[in-house]
Amino acid sequence: MFKRRKKDIPTLNTSSTADISFMLLIFFLVTISLDNYKGISQKLPKITKTPPTEKTRIETQALLRLQITKTNELFTNDERANVAKLSDKIFQFLKERESNHFIELKIDRQANYDAYFKVQDEIAIAYARFKEERALQIYNLSFTQLSIEEQKDIENTYPLHLSEIYEENIFGVKGEAE
């Protein structure tokens with residue numbers, strides 16, 4: 001007479017959970033934007049089968065020496081420099097020398113990548129500013145508004161001459177700057 005009734009525990013219908021999670025996964029994969037890191041954009045010289053036999057002489061006025069020490073200090077032409085003002089200095093150098101310029105970047109192998117990338121960014125900023133100014137002077141248009149041929153003409157007329165040298169110790173004798 002007094003029989004207990006078993007209570008049924010209600011269950012959740014989870015048959016569509018997999019479908020919903022799959023749809024959310026697709027939604028987020030489609031809508032998320034991933035930045036593609038492309039690295040530093042540098043044009044490397046063409047490979048030649050025979051090594052150059054002649055050494056190129058560069059005038060000292062046409063040479064801008066940049067040095068990054070192992071303590072990440074920056075020097076321009078053997079004078080301490082500020083990275084924040086480097087693009088202005090390089091831009092002035094490019095304006096004065098135009099296509100007759102050469103930038104030498106010496107990096108101590110113990111310097112960190114952050115210092116190196118900051119200097120590379122400043123060089124790229126100065127050179128982009130220089131190309132922009134030349135485009136405005138020659139074509140009265142922004143560099144980005146020029147045709148591909150006109151952009152190539154400016155890049156060929158005013159190429160960036162950059163040499164990178166990696167050394168154990170920039171100051172010569174090992175232990176001198178320590």
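Residues numbered from 1 in each chain as written. Predicted model: local features only at pLDDT ≥ 70, side-chain atom pairs only at ≥ 80, totals over all residues. Heavy atoms only, no water.

Participant: Even after reading the chapter, I still don't get the nonpolar core, so can you show me in this structure?
Facilitator: Grouped burial of nonpolar side chains is what soluble globular proteins tend to show. One finds L66, I68, I90, L105 and V119 to be the most contacted residues of the largest nonpolar core, which totals 25 residues. Breaking this core down by element, the ones donating at least two residues are β1 (63-68), α2 (86-97), β4 (102-108) and α3 (113-139). Per-element accounting of this core gives the leading share, eight residues, to α3. (Core = buried A, V, L, I, M, F, W, Y, C linked by side-chain atoms within 4.5 Å. Buried < 20%, exposed > 50% of the residue type's maximum accessible area, 1.4 Å probe, protein only. Helix = DSSP H or I, 4+ residues; strand = E, 2+ residues; numbered from the N terminus.)

Participant: Help me understand α3, please; the structure alone is not making it clear to me.
Facilitator: Three or four residues apart is the spacing at which side chains of an α-helix point the same way, because the helix has 3.6 residues per turn. The terminal C-alpha atoms of α3 lie 38 Å apart, and with 27 residues this matches the ideal 39 Å at 1.5 Å per residue to within 8%. N140, located one to two residues past α3, shows a positive phi value of around 55°. (Expected span 1.5 Å × (residues − 1).)

Participant: For this particular structure, what's the right way to read the packing of α3 against helix α4 (residues 148-157)?
Facilitator: Remark: α3 packs on α4, axes separated minimally by 10 Å, with the N-to-C direction vectors making an angle of 115°. The two elements α3 and α4 cross, and the hand of that crossing is right-handed. Seen from α3, the contacting residues are Y127, K131, R134, A135 and Y139; seen from α4, they are E150, D153, I154 and E155. By residue class, the composition of the contact of α3 with α4 is four nonpolar, no polar and five charged. (Axes fitted to C-alpha atoms, helices over the stretch in contact; angles between N-to-C directions. Left-handed = near helix turned anticlockwise from the far one by under 90°. Contact = heavy atoms within 4.5 Å. Nonpolar A, V, L, I, M, F, W, Y, C, P; charged D, E, K, R; others polar.)

Participant: What am I meant to see in the sheet that holds β1 here?
Facilitator: Whether parallel or antiparallel, the strands of a sheet pair through hydrogen bonds between backbone atoms. Strand order across the open sheet formed by five strands is β3-β2-β1-β4-β5, with mixed pairing between neighbours. In this open sheet, the two edge strands, each paired with only one partner strand, are β3 (79-81) and β5 (162-167). Neighbour to neighbour, the strand axes of the sheet diverge by 25° on average, direction disregarded. For β1 and strand β2 (residues 74-76), the ladder comprises three bridges, and the chain directions are antiparallel. Residue pairing for β2: I68 is matched across the bridge by L74. (Pairing = 2+ DSSP bridges.)

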